[in-house]
Amino acid sequence: MKQIKQMQIRNFKAIRDTGQLSITDLTVLIGNNGSGKSSLIEALETYKSLIVDDLDVAKQRWKGFEHIRNHTAVSLEEEQEANDDVGNGDFSDDEE
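Residues numbered from 1 in each chain as written. Predicted model: local features only at pLDDT ≥ 70, side-chain atom pairs only at ≥ 80, totals over all residues. Heavy atoms only, no water.

J.: Before we move on, can you summarise the overall build of the chain with the specific residues and values?
T.: Scanning the chain from N- to C-terminus turns up 3 helices and 4 strands. Order of helices (α) and strands (β) in the chain, N terminus to C terminus: β-β-β-β-α-α-α. Among the 96 residues that make up the chain, the fraction classed as buried is 19%. Long-range contacts, defined here as pairs at least 24 residues apart, represent 41% of the contacts in the chain between residues at least 6 apart. Accessible area of the chain: about 8,000 Å², with a carbon and sulfur share of 49%. (Helix = DSSP H or I, 4+ residues; strand = E, 2+ residues; numbered from the N terminus. Buried < 20%, exposed > 50% of the residue type's maximum accessible area, 1.4 Å probe, protein only. Contact = heavy atoms within 4.5 Å. Areas by Shrake-Rupley, 256 points an atom, 1.4 Å probe, with all protein chains shown as cover.)

Printed below as a string of structure tokens:
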């Protein structure tokens, strides 16, 4: 059986970006409530379901992937896009 040695999770439930994680034979998850410990386990379960079953089975658990995406990350992306749009506008006070 193959073993995951490293992984990175982005925009999954409470997780915005884990960065590169090393997984060993004994990995302990420690953190405050809401920090993403359960989300990390659920991400691994979803990954397994994608590999063993298929995309439809993995999506059924969450009633679609839109319910698992990290909404903070989405909000930050939308805010950045809005800021980029404002920076591209013409706001001169010149009267013609």
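Next comes the rest of the account.
J.: Which residues make up unusual backbone geometry, and what values go with them?
T.: A positive phi angle, close to 55°, is found at Asn 11, a residue other than glycine. In this structure, Lys 13 takes a positive phi of about 50° despite not being glycine. Here Lys 13 shows up in the loop between strand S2 (10–12) and strand S3 (15–17).

J.: Quick rundown of the pattern of salt bridges? Include the residues and the values.
T.: Tallying each qualifying case throughout the model produces 2 salt bridges. Ionic pairing is found between Arg 10 and Asp 17, a salt bridge with its closest N-O pair at 3.9 Å. Residue Arg 10 is classed as exposed on the basis of its relative accessible area of 54%. Asp 17 gets classed as partly exposed once you look at its relative accessible area, which sits at 46%. Among the salt bridges present, the one from Glu 42 reaches Lys 13, with a minimum N-O distance of 2.6 Å. On the criterion of sequence distance, the pair formed by Glu 42 in helix H1 (residues 37–52) and Lys 13 in the loop between S2 and S3 is long-range, its members being 29 residues apart. Residue classification places Glu 42 among the buried residues on the basis of a relative accessible area of 18%. (Salt bridge = Lys/Arg side-chain N within 4 Å of Asp/Glu carboxyl O.)

J.: I'd love a proper account of helix H2 (residues 55–62), names of residues and values included.
T.: By the N-cap criterion, in which a side-chain oxygen at the helix start approaches the backbone nitrogen of a residue two or three places on, H2 is capped by Asp 54, the distance to Asp 56 being 3.2 Å. Of the residues trailing H2, Lys 63 is marked for its positive phi of about 55°. (Polar contact = N/O pair within 3.5 Å; in protein donor to acceptor, adjacent residues only side chain to side chain.)

J.: Residues and numbers for the confidence of the model for the chain, please.
T.: Averaged over all residues, the pLDDT of the chain is 76; the fraction at 70 or higher stands at 67%. Contacts of residues 86–96 to residues separated by more than four positions or lying in other chains number 1 contact, the stretch itself having pLDDT below 50. (pLDDT = per-residue confidence, 0-100.)

J.: Which residues make up H1, and what values do they have?
T.: An α-helical segment advances 3.6 residues per turn. Residues three or four places apart therefore align on the same side. For H1, which comprises 16 residues, the first-to-last C-alpha distance of 23 Å matches the rise-based estimate of 22 Å (1.5 Å per residue) to within 8%. Residues of H1 that are buried: Ser 39, Leu 40, Glu 42, Ala 43, Thr 46 and Ser 49. (Expected span 1.5 Å × (residues − 1).)

J.: Give a detailed account of the side chain of Ser 49, specifying residues and quantitative values.
T.: Mapped onto the secondary structure, Ser 49 falls in helix H1. Looking at Ser 49, the relative accessible area reads 14%, which means it is buried. Those residues in contact with Ser 49 that lie beyond four places of it in its chain are Asp 54, Val 57 and Ala 58.

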